[in-house]
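Topology and contacts: notes
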Amino acid sequence: MNTDWNKLKQSKDGIPTYDSLIPYILKVLENGEETTTSTISKKVIQFLKIPDEIRNIKYPKYPNSDGVLINRFSFALSDLFKADAVARPNRGIYQITDSGIALLNEYGDQLNKKILKKQPAYIKYMQEMNERNKLAGLNETDELLEEDDEINPRKKIDELATTLNNEVATELLSKIRNSDPYFFERLVVDLLVAMGYSGENGTAKVTSKSNDGGIDGVINQDPLGTSTVYIQAKRYKETNVVQRNDIQSFYGALAGVNADRGVFITTSKFSKSAMEFAKNQGIVLIDGIQLTDLMIDYQVGVETAKTYKVFKIDSDYFDFE
(Lines give C-alpha, C1' and ligand atoms only; values in the text may rest on other atoms or scores of the structure.)
Protein backbone atom coordinates (compact mmCIF):
# COMPACT_ATOMS: atom_id res chain seq x y z
CA MET A 1 0.00 0.00 0.00
CA ASN A 2 1.31 3.45 -0.89
CA THR A 3 3.10 5.27 1.96
CA ASP A 4 4.04 8.48 0.11
CA TRP A 5 1.64 11.37 0.71
CA ASN A 6 2.92 13.10 -2.45
CA LYS A 7 1.14 10.46 -4.54
CA LEU A 8 -2.26 11.33 -3.07
CA LYS A 9 -4.78 13.48 -4.86
CA GLN A 10 -4.32 17.04 -3.59
CA SER A 11 -6.31 20.25 -3.64
CA LYS A 12 -4.79 23.42 -5.10
CA ASP A 13 -3.21 24.29 -1.74
CA GLY A 14 -1.24 21.03 -1.78
CA ILE A 15 -3.27 19.34 0.97
CA PRO A 16 -4.49 15.76 0.37
CA THR A 17 -8.20 15.69 -0.43
CA TYR A 18 -10.45 13.96 2.06
CA ASP A 19 -11.33 11.42 -0.63
CA SER A 20 -7.68 10.35 -0.84
CA LEU A 21 -7.51 9.70 2.92
CA ILE A 22 -10.31 7.12 2.92
CA PRO A 23 -8.28 3.90 2.38
CA TYR A 24 -5.57 4.92 4.86
CA ILE A 25 -8.11 5.43 7.62
CA LEU A 26 -9.23 1.84 7.14
CA LYS A 27 -5.60 0.74 7.05
CA VAL A 28 -4.82 2.15 10.50
CA LEU A 29 -8.07 0.69 11.83
CA GLU A 30 -7.64 -2.80 10.40
CA ASN A 31 -6.55 -4.29 13.76
CA GLY A 32 -10.15 -3.88 14.92
CA GLU A 33 -9.45 -1.65 17.92
CA GLU A 34 -11.76 1.19 18.91
CA THR A 35 -9.84 4.38 18.12
CA THR A 36 -10.38 8.11 18.63
CA THR A 37 -10.57 10.53 15.72
CA SER A 38 -7.37 12.28 16.80
CA THR A 39 -5.46 8.99 17.02
CA ILE A 40 -6.68 7.99 13.56
CA SER A 41 -5.45 11.23 12.01
CA LYS A 42 -2.07 10.97 13.79
CA LYS A 43 -1.56 7.39 12.60
CA VAL A 44 -2.48 8.21 8.99
CA ILE A 45 -0.20 11.26 8.99
CA GLN A 46 2.65 9.09 10.29
CA PHE A 47 1.88 6.29 7.82
CA LEU A 48 1.98 8.67 4.86
CA LYS A 49 4.76 10.83 6.31
CA ILE A 50 2.78 14.04 5.78
CA PRO A 51 5.06 16.95 6.79
CA ASP A 52 4.20 19.50 9.47
CA GLU A 53 3.98 22.36 6.97
CA ILE A 54 1.00 20.59 5.36
CA ARG A 55 -0.46 19.48 8.68
CA ASN A 56 -0.31 23.03 10.06
CA ILE A 57 -2.10 24.84 7.22
CA LYS A 58 -5.11 26.65 8.70
CA TYR A 59 -8.26 28.15 7.26
CA PRO A 60 -7.55 31.89 6.78
CA LYS A 61 -10.71 32.86 8.67
CA TYR A 62 -10.10 30.30 11.45
CA PRO A 63 -6.44 30.51 12.46
CA ASN A 64 -7.09 28.76 15.78
CA SER A 65 -8.75 25.70 14.27
CA ASP A 66 -7.21 22.23 14.04
CA GLY A 67 -6.40 22.91 10.42
CA VAL A 68 -7.60 21.94 6.96
CA LEU A 69 -6.08 18.45 6.88
CA ILE A 70 -7.51 17.39 10.25
CA ASN A 71 -10.92 18.67 9.19
CA ARG A 72 -10.75 16.48 6.09
CA PHE A 73 -10.40 13.38 8.24
CA SER A 74 -13.86 14.16 9.63
CA PHE A 75 -15.34 14.23 6.12
CA ALA A 76 -13.64 10.94 5.23
CA LEU A 77 -14.84 9.25 8.42
CA SER A 78 -18.36 10.50 7.74
CA ASP A 79 -18.44 8.83 4.31
CA LEU A 80 -16.94 5.63 5.71
CA PHE A 81 -19.64 5.56 8.38
CA LYS A 82 -22.40 6.07 5.79
CA ALA A 83 -21.03 3.10 3.84
CA ASP A 84 -20.90 0.95 7.02
CA ALA A 85 -17.13 0.63 6.61
CA VAL A 86 -16.65 1.94 10.15
CA ALA A 87 -18.88 1.94 13.21
CA ARG A 88 -19.17 4.60 15.93
CA PRO A 89 -19.40 2.74 19.27
CA ASN A 90 -19.22 6.06 21.12
CA ARG A 91 -18.88 9.75 20.33
CA GLY A 92 -15.58 10.42 18.56
CA ILE A 93 -14.68 6.70 18.60
CA TYR A 94 -14.43 4.58 15.46
CA GLN A 95 -13.95 0.89 14.72
CA ILE A 96 -13.61 -0.90 11.40
CA THR A 97 -16.48 -3.20 10.41
CA ASP A 98 -16.48 -6.45 8.43
CA SER A 99 -17.62 -4.40 5.44
CA GLY A 100 -14.68 -2.04 5.93
CA ILE A 101 -12.20 -4.91 6.03
CA ALA A 102 -13.73 -6.36 2.86
CA LEU A 103 -13.47 -3.00 1.07
CA LEU A 104 -9.86 -2.54 2.16
CA ASN A 105 -8.93 -6.04 0.99
CA GLU A 106 -10.66 -5.60 -2.35
CA TYR A 107 -9.60 -2.07 -3.29
CA GLY A 108 -6.60 -1.21 -1.13
CA ASP A 109 -5.36 2.34 -1.72
CA GLN A 110 -7.67 2.65 -4.74
CA LEU A 111 -10.71 2.90 -2.48
CA ASN A 112 -12.43 6.27 -2.91
CA LYS A 113 -15.70 8.11 -2.44
CA LYS A 114 -17.15 6.88 -5.75
CA ILE A 115 -16.79 3.29 -4.56
CA LEU A 116 -18.26 4.09 -1.15
CA LYS A 117 -21.27 5.75 -2.78
CA LYS A 118 -22.09 2.49 -4.57
CA GLN A 119 -22.25 0.47 -1.35
CA PRO A 120 -25.80 -0.61 -0.35
CA ALA A 121 -25.40 0.90 3.14
CA TYR A 122 -24.38 4.27 1.68
CA ILE A 123 -27.28 4.26 -0.78
CA LYS A 124 -29.74 3.38 2.00
CA TYR A 125 -28.32 6.09 4.26
CA MET A 126 -28.67 8.76 1.58
CA GLN A 127 -32.19 7.63 0.68
CA GLU A 128 -33.25 8.06 4.29
CA MET A 129 -31.49 11.42 4.57
CA ASN A 130 -33.15 12.68 1.40
CA GLU A 131 -36.53 11.48 2.66
CA ARG A 132 -36.02 13.39 5.90
CA ASN A 133 -34.87 16.51 4.04
CA LYS A 134 -37.84 16.28 1.70
CA LEU A 135 -40.22 16.13 4.68
CA ALA A 136 -38.46 19.22 6.04
CA GLY A 137 -38.89 21.04 2.72
CA LEU A 138 -35.20 20.89 1.79
CA ASN A 139 -33.48 19.84 -1.40
CA GLU A 140 -31.70 16.53 -1.62
CA THR A 141 -28.51 16.43 0.45
CA ASP A 142 -25.97 16.79 -2.36
CA GLU A 143 -27.91 19.65 -3.94
CA LEU A 144 -28.15 21.50 -0.64
CA LEU A 145 -24.38 21.65 -0.34
CA GLU A 146 -24.09 23.14 -3.82
CA GLU A 147 -26.66 25.90 -3.43
CA ASP A 148 -25.85 29.46 -4.42
CA ASP A 149 -23.92 31.24 -1.68
CA GLU A 150 -26.13 34.27 -2.21
CA ILE A 151 -29.02 32.47 -0.51
CA ASN A 152 -30.52 34.30 2.47
CA PRO A 153 -28.00 33.66 5.29
CA ARG A 154 -30.69 32.99 7.89
CA LYS A 155 -32.38 30.50 5.59
CA LYS A 156 -29.07 28.78 4.91
CA ILE A 157 -28.37 28.48 8.64
CA ASP A 158 -31.81 26.95 9.17
CA GLU A 159 -31.30 24.49 6.33
CA LEU A 160 -27.82 23.45 7.45
CA ALA A 161 -29.03 22.98 11.04
CA THR A 162 -31.90 20.83 9.80
CA THR A 163 -29.55 18.75 7.65
CA LEU A 164 -27.15 18.20 10.57
CA ASN A 165 -30.02 17.13 12.82
CA ASN A 166 -31.28 14.80 10.08
CA GLU A 167 -27.83 13.18 9.98
CA VAL A 168 -28.00 12.66 13.74
CA ALA A 169 -31.53 11.23 13.42
CA THR A 170 -30.41 8.80 10.69
CA GLU A 171 -27.53 7.56 12.84
CA LEU A 172 -29.85 7.39 15.84
CA LEU A 173 -32.27 5.12 13.98
CA SER A 174 -29.40 2.83 13.01
CA LYS A 175 -28.32 2.54 16.66
CA ILE A 176 -31.88 1.77 17.75
CA ARG A 177 -32.28 -0.95 15.14
CA ASN A 178 -29.14 -2.61 16.53
CA SER A 179 -30.23 -2.30 20.16
CA ASP A 180 -31.83 -4.89 22.43
CA PRO A 181 -35.60 -5.26 21.85
CA TYR A 182 -36.37 -4.68 25.55
CA PHE A 183 -34.23 -1.53 25.49
CA PHE A 184 -36.32 -0.30 22.58
CA GLU A 185 -39.53 -0.87 24.55
CA ARG A 186 -38.11 1.18 27.41
CA LEU A 187 -37.01 3.87 24.95
CA VAL A 188 -40.50 4.38 23.49
CA VAL A 189 -42.03 4.61 26.97
CA ASP A 190 -39.40 7.23 27.90
CA LEU A 191 -40.24 9.15 24.72
CA LEU A 192 -43.99 9.23 25.38
CA VAL A 193 -43.33 10.35 28.96
CA ALA A 194 -41.06 13.12 27.64
CA MET A 195 -43.90 14.13 25.30
CA GLY A 196 -46.18 14.56 28.31
CA TYR A 197 -48.38 11.49 27.89
CA SER A 198 -48.04 10.47 31.55
CA GLY A 199 -49.57 13.73 32.74
CA GLU A 200 -48.55 15.49 35.94
CA ASN A 201 -49.03 12.57 38.35
CA GLY A 202 -49.30 9.60 36.01
CA THR A 203 -47.13 6.51 35.78
CA ALA A 204 -45.35 4.67 32.98
CA LYS A 205 -43.89 1.20 32.75
CA VAL A 206 -42.58 -1.44 30.36
CA THR A 207 -44.43 -4.73 30.64
CA SER A 208 -42.65 -7.99 31.47
CA LYS A 209 -40.52 -9.55 28.76
CA SER A 210 -42.79 -12.61 28.58
CA ASN A 211 -46.56 -12.96 28.59
CA ASP A 212 -47.13 -9.29 27.82
CA GLY A 213 -50.26 -10.12 25.84
CA GLY A 214 -49.14 -7.98 22.92
CA ILE A 215 -48.72 -4.87 25.10
CA ASP A 216 -45.14 -3.62 25.51
CA GLY A 217 -45.76 -0.51 27.61
CA VAL A 218 -48.49 1.07 29.69
CA ILE A 219 -48.90 4.74 30.57
CA ASN A 220 -51.48 5.73 33.18
CA GLN A 221 -52.23 9.39 32.62
CA ASP A 222 -53.67 9.93 36.08
CA PRO A 223 -53.02 8.43 39.54
CA LEU A 224 -56.18 6.31 39.45
CA GLY A 225 -55.44 4.84 36.03
CA THR A 226 -58.76 5.94 34.54
CA SER A 227 -57.01 7.18 31.39
CA THR A 228 -54.49 4.73 29.97
CA VAL A 229 -52.37 4.55 26.83
CA TYR A 230 -51.11 1.15 25.67
CA ILE A 231 -47.99 0.77 23.55
CA GLN A 232 -46.60 -1.79 21.17
CA ALA A 233 -42.99 -1.39 20.02
CA LYS A 234 -41.47 -3.33 17.12
CA ARG A 235 -37.73 -2.99 16.53
CA TYR A 236 -37.61 -4.03 12.88
CA LYS A 237 -35.07 -3.66 10.09
CA GLU A 238 -35.98 -1.05 7.48
CA THR A 239 -37.00 -3.78 5.02
CA ASN A 240 -39.47 -5.39 7.46
CA VAL A 241 -42.62 -3.34 6.82
CA VAL A 242 -45.37 -3.55 9.44
CA GLN A 243 -48.44 -5.10 7.83
CA ARG A 244 -52.19 -4.87 8.49
CA ASN A 245 -52.25 -8.15 10.44
CA ASP A 246 -49.68 -6.72 12.91
CA ILE A 247 -52.01 -3.81 13.66
CA GLN A 248 -54.99 -6.16 13.88
CA SER A 249 -53.13 -8.24 16.48
CA PHE A 250 -52.42 -5.08 18.48
CA TYR A 251 -56.08 -4.09 18.18
CA GLY A 252 -57.00 -7.50 19.60
CA ALA A 253 -54.59 -6.97 22.49
CA LEU A 254 -56.22 -3.60 23.21
CA ALA A 255 -59.66 -5.21 23.19
CA GLY A 256 -58.37 -7.75 25.71
CA VAL A 257 -57.76 -4.98 28.25
CA ASN A 258 -60.86 -2.97 27.28
CA ALA A 259 -58.64 -0.17 25.91
CA ASP A 260 -59.69 2.42 23.37
CA ARG A 261 -56.28 4.03 22.82
CA GLY A 262 -53.03 2.60 21.58
CA VAL A 263 -49.73 3.70 20.05
CA PHE A 264 -47.81 1.39 17.69
CA ILE A 265 -44.16 2.39 17.23
CA THR A 266 -41.70 0.76 14.86
CA THR A 267 -38.21 1.41 13.53
CA SER A 268 -39.35 0.53 10.01
CA LYS A 269 -42.47 1.62 8.09
CA PHE A 270 -46.16 0.75 7.79
CA SER A 271 -47.93 -0.66 4.76
CA LYS A 272 -50.81 1.32 3.28
CA SER A 273 -53.37 -1.24 4.48
CA ALA A 274 -51.87 -1.12 8.00
CA MET A 275 -52.25 2.66 8.06
CA GLU A 276 -55.85 2.47 6.83
CA PHE A 277 -56.83 -0.08 9.49
CA ALA A 278 -55.11 1.87 12.27
CA LYS A 279 -56.86 5.09 11.25
CA ASN A 280 -60.27 3.45 11.39
CA GLN A 281 -59.56 1.98 14.83
CA GLY A 282 -58.02 5.06 16.43
CA ILE A 283 -54.52 3.59 16.73
CA VAL A 284 -51.63 6.06 16.45
CA LEU A 285 -48.75 4.88 14.23
CA ILE A 286 -45.18 6.16 14.53
CA ASP A 287 -42.60 4.95 11.99
CA GLY A 288 -38.81 5.07 12.23
CA ILE A 289 -38.38 8.55 10.79
CA GLN A 290 -41.13 10.02 12.98
CA LEU A 291 -39.68 8.23 16.00
CA THR A 292 -36.21 9.74 15.70
CA ASP A 293 -37.60 13.17 14.79
CA LEU A 294 -39.61 13.08 18.03
CA MET A 295 -36.57 11.90 19.97
CA ILE A 296 -34.66 14.95 18.78
CA ASP A 297 -37.59 17.31 19.39
CA TYR A 298 -37.98 16.04 22.98
CA GLN A 299 -34.26 15.34 23.53
CA VAL A 300 -34.49 11.63 24.29
CA GLY A 301 -31.21 9.82 23.60
CA VAL A 302 -29.60 13.02 22.29
CA GLU A 303 -28.08 16.15 23.76
CA THR A 304 -27.36 19.63 22.47
CA ALA A 305 -23.93 19.77 20.82
CA LYS A 306 -23.68 23.54 20.50
CA THR A 307 -25.96 26.56 20.57
CA TYR A 308 -25.62 29.50 18.20
CA LYS A 309 -27.29 32.86 18.81
CA VAL A 310 -28.50 35.02 15.91
CA PHE A 311 -29.40 38.54 16.95
CA LYS A 312 -31.78 41.14 15.54
CA ILE A 313 -32.38 44.80 16.32
CA ASP A 314 -34.75 45.44 19.23
CA SER A 315 -36.93 48.05 17.52
CA ASP A 316 -38.88 48.72 20.73
CA TYR A 317 -35.70 49.91 22.42
CA PHE A 318 -35.29 52.65 19.82
CA ASP A 319 -38.97 53.65 19.85
CA PHE A 320 -38.74 56.78 22.02
CA GLU A 321 -42.38 57.65 21.55
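From a predicted model like this one, the values you see are computed outputs, not experimental measurements.

Pairing is mixed across the open sheet formed by 5 strands, whose spatial order is 4-5-6-7-8. Two strands close off the open sheet at either side, each with one partner strand: strand 4 (203–206) and strand 8 (283–286). Averaged over all neighbouring strand pairs, the angle between strand axes comes to 15 degrees, with direction disregarded. Pairing geometry for strand 5 (residues 217–220) and strand 6 (residues 228–234), over 4 bridges, is antiparallel.

A volume near 2,600 Å³ is recorded for the largest pocket. Considering the residues around the largest pocket, the lining is formed by 47 residues, among which Leu164, Asn165, Glu167, Val168 and Ala305 are closest to the centre. Ranked by the residues each element gives to the lining of the largest pocket, the list is headed by helix 9 (residues 153–177), at 11 residues. When the residues that make up the lining of the largest pocket are grouped by side-chain class, the tally is 21 nonpolar, 13 polar and 13 charged. Of the pockets and cavities examined, the second largest pocket occupies roughly 560 Å³. Residue lining of the second largest pocket: 23 residues in total, with Asp84, Lys124, Ser174, Lys175 and Asn178 positioned closest to the centre. Elements with a minimum of two residues in the lining of the second largest pocket: helix 4 (68–82), strand 2 (86–90), helix 7 (120–135) and helix 9. Ranked by the residues each element gives to the lining of the second largest pocket, the list is headed by helix 9, at 6 residues. Along the lines of polarity and charge, the residues of the lining of the second largest pocket split into 8 nonpolar, 4 polar and 11 charged.

What follows covers the domain arrangement of the protein. Taken as a whole, the protein is organised into domain 1 (5–139) and domain 2 (177–298). Centre-to-centre separation of domain 1 and domain 2, based on C-alpha positions: 38 Å. Taken together, the contact between domain 1 and domain 2 spans 5 residues of the former and 7 residues of the latter. Both sides together, the interface formed by domain 1 and domain 2 hides about 470 Å², and carbon and sulfur atoms give 45% of it. For the domain 1 face of the interface with domain 2, the top three residues by lost area are Lys124, Glu131 and Arg132, together amounting to 78%. Taking the shortest distance from any N to any O, the salt bridge between Arg177 and Glu128 comes out at 3.8 Å. Counting across the domain 1 and domain 2 interface gives 4 residue pairs in polar contact (both at pLDDT 80 or more). Class assignment for the residues of the side of domain 1 that touches domain 2 results in 1 nonpolar, no polar and 4 charged.

Reading the values: the criteria
Residues numbered from 1 in each chain as written. Predicted model: local features only at pLDDT ≥ 70, side-chain atom pairs only at ≥ 80, totals over all residues. Heavy atoms only, no water. Pairing = 2+ DSSP bridges. Helix = DSSP H or I, 4+ residues; strand = E, 2+ residues; numbered from the N terminus. Axes fitted to C-alpha atoms, helices over the stretch in contact; angles between N-to-C directions. 1 Å grid on protein atoms, 1.4 Å probe; cavity = no way out; pocket = protein on both sides within 12 Å on 5 of 7 lines; lining within 4 Å. Points joined across faces, edges and corners; volume = space filled by probe spheres on them. Nonpolar A, V, L, I, M, F, W, Y, C, P; charged D, E, K, R; others polar. Domains from an automatic or database assignment. Contact = heavy atoms within 4.5 Å. Buried area = accessible area lost by both parts, 1.4 Å probe. Salt bridge = Lys/Arg side-chain N within 4 Å of Asp/Glu carboxyl O. Polar contact = N/O pair within 3.5 Å; in protein donor to acceptor, adjacent residues only side chain to side chain.

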